[in-house]
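Residue-level structure breakdown
Letter by letter, the chains look like this.
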2 protein chains.
Amino acid sequence: MTVSSPRKALTIDNINPHVKEAQYAVRGELAVRSEEYRAKLGKGEGKDLPFDSVISANIGNPQQLDQKPITFFRQVASLLENPTLIEHEDVLINSLGYKSDVIERAKWLLKEVKSVGAYSQSQGAPGIRESVAKFIERRDGYPASGKDIYLSNGASSGVNTLLHIMCAKPESGILVPIPQYPLYTATLSVLDARCVPYYLEESQAWGTNLKAIEESYNKAIEEGTDVKAIVIINPGNPTGASLSAEDIRAVLKFAAEKGIVVMADEVYQTNVFLGEFISFKKALRDLQKEEPGKYDHLELASLHSISKGMVGECGHRGGYFELVGFDPKVAAEVYKFISIQLCPPVLGQCIVEVMVNPPKEGEPSYELYKKEYDGIFGDLKARANALFEAFKQMEGVECQSPAGSMYLFPTITLPKKAIEQAKKEGRQPDEFYCFRLLDATGVCVVAGSGFGQKEGTLHFRTTFLAPGTDWTGRIVKFHKEFLDEFR
Amino acid sequence: MTVSSPRKALTIDNINPHVKEAQYAVRGELAVRSEEYRAKLGKGEGKDLPFDSVISANIGNPQQLDQKPITFFRQVASLLENPTLIEHEDVLINSLGYKSDVIERAKWLLKEVKSVGAYSQSQGAPGIRESVAKFIERRDGYPASGKDIYLSNGASSGVNTLLHIMCAKPESGILVPIPQYPLYTATLSVLDARCVPYYLEESQAWGTNLKAIEESYNKAIEEGTDVKAIVIINPGNPTGASLSAEDIRAVLKFAAEKGIVVMADEVYQTNVFLGEFISFKKALRDLQKEEPGKYDHLELASLHSISKGMVGECGHRGGYFELVGFDPKVAAEVYKFISIQLCPPVLGQCIVEVMVNPPKEGEPSYELYKKEYDGIFGDLKARANALFEAFKQMEGVECQSPAGSMYLFPTITLPKKAIEQAKKEGRQPDEFYCFRLLDATGVCVVAGSGFGQKEGTLHFRTTFLAPGTDWTGRIVKFHKEFLDEFR
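Residues numbered from 1 in each chain as written. Chains lettered and ligands numbered in written order. Predicted model: local features only at pLDDT ≥ 70, side-chain atom pairs only at ≥ 80, totals over all residues. Heavy atoms only, no water.

**A closer look at the layout of surface pockets**
Considering only enclosed or pocket space, the second largest pocket measures out at about 1,500 Å³ in volume. Forming the boundary of the second largest pocket are 39 residues, of which A:Glu35, A:Ala39, B:Gln121, B:Pro126 and B:Arg129 lie nearest the centre. Of the residues belonging to the lining of the second largest pocket, the class tally is 14 nonpolar, 12 polar and 13 charged. (1 Å grid on protein atoms, 1.4 Å probe; cavity = no way out; pocket = protein on both sides within 12 Å on 5 of 7 lines; lining within 4 Å. Points joined across faces, edges and corners; volume = space filled by probe spheres on them. Nonpolar A, V, L, I, M, F, W, Y, C, P; charged D, E, K, R; others polar.)

If you want it as structure tokens, here you go:
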């Protein structure tokens with residue numbers, strides 16, 4: 001045997017460059033540092049820190065914060081995990097507060113999946129896909145089919161799947177809103193495909209601007225990009241916007257004209273505080289009714305998730321996407337691609353089912369379900385408004401009214417000296433601000449540069465999930481001190 | 001607005017060619033047809049079919065067949081899903097058969113994850129990773145650290161992550177055993193990287209042959225391939241082999257000499273019927289002790305899963321991989337890559353924890369746990385041997401003794417006429433045989449061509465998970481009739 005090589009096979013210089021290029025600030029250095037603070041405080045250390053708790057306002061993780069899971073969902077889940085409990089119906093009902101519809105639902109789901117410990121079909125259990133289709137029919141007033149539903153591992157894996165299918169070569173491009181949830185740019189980096197950015201209109205409640213989209217599209221085409229799709233996040237992440245019917249129709253018409261796919265990320269569809277949610281599927285079917293034949297070629301993929309809304313079950317990794325107008329041969333490749341990873345978590349699939357088919361009025365669990373659902377919605381709305389009011393007190397901070405999703409994305413204007421200091425430290429100015437905020441207050445938010453923003457503007461994204469108002473006070477106080485320091 | 005384009009944006013000819021190239025027979029056309037038969041029979045139709053049940057012997061999916069989940073695991077899971085049950089300790093213990101250690105474990109896990117509905121750290125909950133590290137220490141007798149453990153979405157997502165990191169360009173190559181579990185070749189196709197096949201030795205119980213590995217490696221280097229790693233599946237899938245200590249040491253020495261990563265797929269580590277399981281980690285540490293300094297540069301990634309073994313919780317999508325000897329900068333890229341998909345299912349993480357840290361002797365749940373565990377192991381071994389005996393009766397079928405994993409992978413010799421008929425139908429001969437078997441008996445297996453095999457040889461892979469012996473009889477009877485038809 002020859003002398004062994006002292007080299008590592010893998011170094012930062014020879015691994016996949018496209019993975020290296022990918023950026024995902026939501027769980028980046030700031031988040032890692034906040035976890036270190038949390039661990040320190042958890043061990044009773046950290047007396048040197050100027051705060052006594054870490055507030056994770058960087059990520060939409062409701063149950064890590066205040067949000068309680070919905071009782072019906074978790075009661076069903078407990079029976080799915082231990083089906084022998086179903087044999088003790090009297091104990092469940094008389095001693096443990098389960099209602100009969102919980103038991104019925106668990107029995108039905110177990111019939112559909114056999115065991116939550118068994119692989120399902122790669123596309124998801126057929127009965128659950130049918131249930132999703134019925135939900136879409138009720139929501140939109142147009143037919144849907146379980147054959148077109150693909151259950152997924154959160155919406156993120158759905159996005160990953162669709163981008164994998166569409167991006168055929170380095171010239172493949174996807175129109176992505178800026179600011180955006182960085183899953184899109186990160187996945188495009190990994191795929192070595194092009195992000196074609198189009199800017200949202202902050203001054204118009206972060207709506208889409210068709211002119212901006214067209215300009216981006218035309219520029220990309222000129223540069224030789226093969227534009228395959230447009231991504232829309234509605235309600236918006238990180239912007240907190242809720243799109244108007246006009247904006248949605250304009251995007252659909254544009255995509256139909258250019259012959260590109262519409263990818264509608266609708267995971268915040270129940271988090272709407274202003275106006276109403278209109279699904280891209282409904283808007284498309286409306287257009288097809290108004291002008292028969294004109295939109296039939298259009299391909300739409302719309303995504304939903306159990307992670308957000310009043311469900312907040314991110315840890316269970318459930319979601320789905322619906323394919324509308326896709327060539328069956330392309331859909332078959334989608335199926336094959338997801339089959340390589342076998343199937344999405346089966347319990348997550350079951351939680352998708354209870355999300356889309358919750359207790360109905362008159363059913364035993366309905367009253368509590370409604371109370372919990374409305375309570376979460378009301379709390380989110382109240383906190384969004386409280387945070388919005390707090391931002392109003394902050395000099396140089398401007399924020400659009402809370403309209404949807406779980407985020408506010410205020411503009412911040414920072415003093416020149418702060419911007420210079422950031423440059424010295426090798427950071428973006430808003431990133432510098434966010435690190436200072438974390439170090440001073442324990443509040444973790446994400447810098448606007450992690451989502452993309454118009455040049456010369458600075459933002460940060462914060463969730464409004466954390467309970468109480470103490471932490472908003474911490475931000476207001478920090479901001480004043482920060483301005484004083486760098487004025 | 002111009003007239004809309006009648007073209008679809010996505011066609012089979014313009015989507016990602018690397019996705020199209022990927023093949024994953026385990027869930028391919030045969031599996032799809034078997035599901036159609038199952039659905040037909042489920043609806044009370046299918047009186048025209050020559051069988052009354054479908055036997056899914058194509059995929060290692062224990063709980064879809066006979067295997068019952070382990071009570072301790074599922075009792076804990078039920079409390080994680082509905083933590084309010086913990087307030088009813090008396091009911092749980094006196095009326096529902098829960099033991100105190102179930103409740104203690106659920107409380108501890110809830111402290112670690114806060115809620116199974118909350119995202120965890122992307123690498124997995126720290127306390128669970130520590131628990132995995134302690135398991136590895138007990139198993140191997142060498143230290144391990146939670147910092148090096150990455151919880152995953154089944155082992156499959158771990159493989160996907162590692163291949164994404166290692167494959168930097170189209171010339172990047174990975175040594176993959178043939179026959180192999182097609183996750184490897186499919187993922188390499190998607191990544192547009194090279195599979196460097198090395199053949200296993202059927203005549204030597206499907207062991208590794210260092211000479212064959214060296215020849216493949218040298219040929220790849222000559223062809224300009226940048227070989228980054230060698231994959232070992234031990235116990236073997238689809239082969240059912242269990243590697244000897246000598247084979248394992250030879251692979252480690254080879255990898256150290258060539259400066260390539262060892263990727264040890266050890267998901268069947270408890271499914272060993274002949275000899276004993278030796279982890280690559282232990283073998284590496286042994287070598288390092290014997291010859292200090294000589295193997296310190298070697299990088300090893302070893303994977304485990306809750307899907308197999310006596311756990312069989314595939315639907316929960318849990319697993320982990322341990323990185324040994326990786327450059328911290330490379331590990332940081334692994335972390336970033338997985339963070340884009342947020343985190344593995346948290347309940348799956350919790351089931352990893354109970355798998356690696358089951359009830360100990362003397363604890364209240366131990367006796368039942370041991371009985372269930374041993375029962376499953378005994379049943380698997382008995383069925384493996386019964387199937388092996390059945391194959392002995394079949395003309396032209398030869399099979400290695402069952403040694404490990406959940407599969408047998410017999411060689412089949414088919415009559416010339418059958419091979420000609422297969423060609424006429426545009427199928428591989430073993431695929432043709434497997435379709436005929438499914439159509440005649442309802443038994444679904446996977447053709448050897450789906451895993452790769454030496455040219456001129458034919459095989460099929462069958463699990464030995466399905467209960468009863470009726471279905472092995474169906475195979476024996478079909479095989480005789482098939483030979484008679486084409487003789």
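**Topic: the relation of the copies chain A and chain B**
Of the two same-sequence chains, chain A is brought onto chain B (RMSD 0.0 Å, axial shift 0.0 Å) by a rotation of 180°. On this basis, the relationship between the two copies can be described by a two-fold rotation axis. By C-alpha distance to the rotation axis, the residue of chain A lying nearest is A:Ser78, at 2.1 Å. (Least-squares fit on C-alpha atoms with pLDDT ≥ 70 in both.)

**Here's the deal with the side chain of B:Thr472**
Tracing the chain through its elements places B:Thr472 in helix α17 (residues 470-486). The residues touching B:Thr472, leaving out its near neighbours within four places in the chain, are B:Leu387 and B:Ala390. (Helix = DSSP H or I, 4+ residues; strand = E, 2+ residues; numbered from the N terminus. Contact = heavy atoms within 4.5 Å.)

**Considerations on the pattern of salt bridges**
Summed over all chains, the structure comprises 56 salt bridges over all chains. Note that A:Lys111 and A:Glu112 form a salt bridge whose closest N and O atoms lie 3.4 Å from each other. A relative accessible area of 25% means that A:Glu112 is categorised as partly exposed. Note that B:Arg487 and B:Asp484 form a salt bridge whose closest N and O atoms lie 3.5 Å from each other. Judged by relative accessible area, B:Arg487 falls into the exposed class, the value being 52%. Members of the salt-bridge network, linked through shared partners, are A:Glu395, A:Lys480, A:Asp484 and A:Arg487. (Salt bridge = Lys/Arg side-chain N within 4 Å of Asp/Glu carboxyl O. Buried < 20%, exposed > 50% of the residue type's maximum accessible area, 1.4 Å probe, protein only.)

**Section: the interface of chain A and chain B**
In this complex, chain A contributes 105 residues to the contact, which on the side of chain B involves 105 residues. Buried area between chain A and chain B, summed over both chains or domains, comes out near 8,700 Å², and the portion from carbon and sulfur atoms is 56%. Taken together, the connections running from chain A to chain B amount to two salt bridges. Of the charged contacts in the structure, one is a salt bridge between B:Arg74 and A:Glu81, with a shortest N-O distance of 3.8 Å. Where chain A packs against chain B, one counts 51 residue pairs in polar contact (both at pLDDT 80 or more). The element contributing the most residues to the side of chain A that touches chain B is helix α12 (residues 328-339) of chain A, with seven residues. The residue inventory of the side of chain A that touches chain B, partitioned by class, reads 47 nonpolar, 35 polar and 23 charged. (Buried area = accessible area lost by both parts, 1.4 Å probe. Polar contact = N/O pair within 3.5 Å; in protein donor to acceptor, adjacent residues only side chain to side chain.)

**Description of helix α4 (residues 89-96) of chain B**
Residues three or four positions apart in an α-helix share a direction because the helix packs 3.6 residues into each turn. For α4(B), every residue scored as buried is listed here: B:Val91, B:Leu92 and B:Leu96. Looking straight down α4(B), one finds its buried side chains confined to an arc of 100°; they lie on one side. Considering only its buried residues, α4(B) is in contact with α4 (89-96) of chain A together with α3 (71-81) and α5 (100-113) of chain B. Remark: B:Gly97 follows α4(B) within two positions and exhibits a positive phi of approximately 75°. (Arc of directions from axis to C-beta.)

**Quick word on the nonpolar core**
A:Leu175, A:Ile230, B:Leu175 and B:Ile230 are the most contacted members of the largest nonpolar core, which totals 344 residues. In this view, A:Leu175 contacts A:Val196, A:Tyr198, A:Ile213, A:Ser216, A:Tyr217, A:Val227, A:Ala229, A:Ile230, A:Val231, A:Phe254 and A:Ile260; residues no more than four positions away in its chain are not counted. (Core = buried A, V, L, I, M, F, W, Y, C linked by side-chain atoms within 4.5 Å.)

**Quick look at the packing of aromatic side chains**
Residues and elements named next belong to chain A. Summed over all chains, the structure comprises 40 aromatic pairs over all chains. Relative to Tyr369, the ring of Phe73 lies with its centre 6.1 Å away and its plane at 45°, an arrangement referred to as tilted. Placement of the pair is Phe73 in helix α3 (residues 71-81) and Tyr369 in helix α14 (residues 366-392), with a sequence separation of 296 residues. Following the ring pairs from residue to residue traces out a cluster consisting of Phe391, Phe432, Tyr433, Phe460, Phe478, Phe482 and Phe486. For Arg427, the ring lying beneath its charged end belongs to Phe435, and the centroid distance is 3.9 Å. (Phe/Tyr/Trp six-rings, centres within 6.5 Å; stacked < 30°, edge-to-face > 60°. Lys NZ or Arg CZ within 6 Å of the ring centre and 35° of its normal.)

**Structural notes on the sheet that holds strand β2 (residues 149-152) of chain A**
Residue and element names in this part refer to chain A. Read across the open sheet, the seven strands follow the order β2-β8-β7-β6-β5-β3-β4; overall the sheet is mixed. The open sheet has two free edges, formed respectively by β2 and β4 (194-199), since each of these has just one partner strand. Sheet twist, expressed as the mean angle between neighbouring strand axes with direction ignored, is 20°. Here four bridges tie β2 to strand β8 (residues 319-324), and the two strands are oriented antiparallel to one another. In the sheet register, Ile149 faces β8, and the bridge partner there is Glu322. Contacting β2, β3 (172-178), β5 (226-233), β6 (261-265), β7 (300-305) and β8, helix α7 (residues 154-166) runs over the sheet at an angle of about 160° to β7. (Pairing = 2+ DSSP bridges. Axes fitted to C-alpha atoms, helices over the stretch in contact; angles between N-to-C directions.)

**Points about empty space enclosed by the protein**
Across all of its chains, the model carries 11 cavities of 30 Å³ or more by this definition. If you add up the space inside the largest cavity, you get close to 780 Å³. Lining the largest cavity are 39 residues; nearest its centre among them are A:Asn160, A:Gln341, B:Ser157, B:Asn160 and B:Gln341. If you list the elements that add at least two residues to the lining of the largest cavity, you get β2, α7, α8 (183-190) and α12 of chain A together with β2 (149-152), α7 (154-166), α8 (183-190) and α12 (328-339) of chain B. Among the elements that take part in the lining of the largest cavity, α7(B) stands out by supplying five residues, more than any other. Here the residues of the lining of the largest cavity sort into 18 nonpolar, 19 polar and two charged.

**Focus on the UniProt feature "domain: Aminotransferase class I/classII large" (unreviewed entry) in chain A**
The sites that UniProt annotates as "domain: Aminotransferase class I/classII large" (unreviewed entry) are residues 106-470 of chain A. Counted over residues 106-470 of chain A, helix gives 42% and strand 15%. Its end C-alpha atoms are 41 Å apart. (UniProt positions renumbered as here; feature names shortened; annotations may be inferred.)

**Section: the packing of helix α9 (residues 210-222) of chain B against helix α10 (residues 245-258) of chain B**
Residues and elements named next belong to chain B. Where α9 meets α10, the axes come as close as 10 Å, and the angle between the chain directions of the two elements is 25°. Looking at the two axes, α9 sits roughly parallel to α10. For α9 against α10, the interelement crossing comes out right-handed. Of the residues in α10, those touching α9 at Leu210, Ile213, Glu214 and Tyr217 are Ala250, Val251, Phe254 and Lys258. Residues belonging to the contact of α9 with α10 are distributed by class as follows: six nonpolar, no polar and two charged. (Parallel < 35°, antiparallel > 145°, perpendicular 65-115°, else oblique. Left-handed = near helix turned anticlockwise from the far one by under 90°.)

**Some details on the sheet that holds strand β3 (residues 172-178) of chain B**
Residue and element names in this part refer to chain B. Taken in spatial order, the seven strands make up an open sheet running β2-β8-β7-β6-β5-β3-β4, and their pairing is mixed. Of all the strands in the sheet, the pair left with one neighbour each is β2 and β4 (194-199). Shown here is a sheet whose adjacent strand axes are inclined to one another by a mean of 20°, direction ignored. This element, α12, spans β2 and β8 (319-324) of the sheet and lies at about 20° to β2.

**A short note on the domain arrangement of chain A**
Residue and element names in this part refer to chain A. Looking at the assigned domains, one finds that chain A contains domain 1 (17-66 + 372-486), domain 2 (71-108) and domain 3 (114-356). Spacing between the C-alpha centres of domain 1 and domain 3 amounts to 27 Å. Across the boundary between the two partners, domain 1 contributes 36 residues, which contact 39 residues of domain 3. Taken over both partners, the interface formed by domain 1 and domain 3 buries close to 3,100 Å², and the fraction arising from carbon and sulfur atoms is 60%. Among the residues domain 1 hides against domain 3, the three largest losses belong to Gln400, Ala403 and Ser405. Together they make up 18% of the total. Summed over the shared surface of domain 1 and domain 3, the number is one salt bridge. (Domains from an automatic or database assignment.)

**Concerning the confidence of the model for chain A**
Averaged over all residues, the pLDDT of chain A is 95; the fraction at 70 or higher stands at 99%. Of the two predicted TM-score estimates for the complex, the pTM is 0.96 and the ipTM is 0.96. (pLDDT = per-residue confidence, 0-100.)

**Some thoughts on helix α11 (residues 280-290) of chain A**
All names here are of chain A. Considered for burial, the residues of α11 that qualify are Phe280, Lys281, Ala283, Leu284, Leu287 and Gln288. Each buried residue of α11 sits inside an arc of 165° when the element is viewed along its axis, so together they form one side. Packed against the buried residues of α11 are α6 (126-140), β5, α10 (245-258), β6, β7 and β8.

**Quick word on unusual backbone geometry**
Peptide bonds are mostly trans, and most non-glycine residues show a negative phi. Cis peptide bonds are those with omega within 30 degrees of zero, and the linkage from A:Ile178 to A:Pro179 qualifies with 0°. Looking along the chain, the bond that leaves B:Asn234 and enters B:Pro235 is cis, with omega of -10°. When you line up the elements, B:Pro235 lands in the loop between β5 (226-233) and α10. Unusually for a residue other than glycine, A:Asp192 sits at a positive phi of about 55°. Position of A:Asp192 relative to the elements: it lies in the loop between α8 and β4. Positive phi, normally seen in glycine, also occurs at B:Ala205, with a value near 55°. You can see B:Ala205 is positioned in the loop between β4 and α9. Looking at B:Ala205, the relative accessible area reads 44%, which means it is partly exposed.

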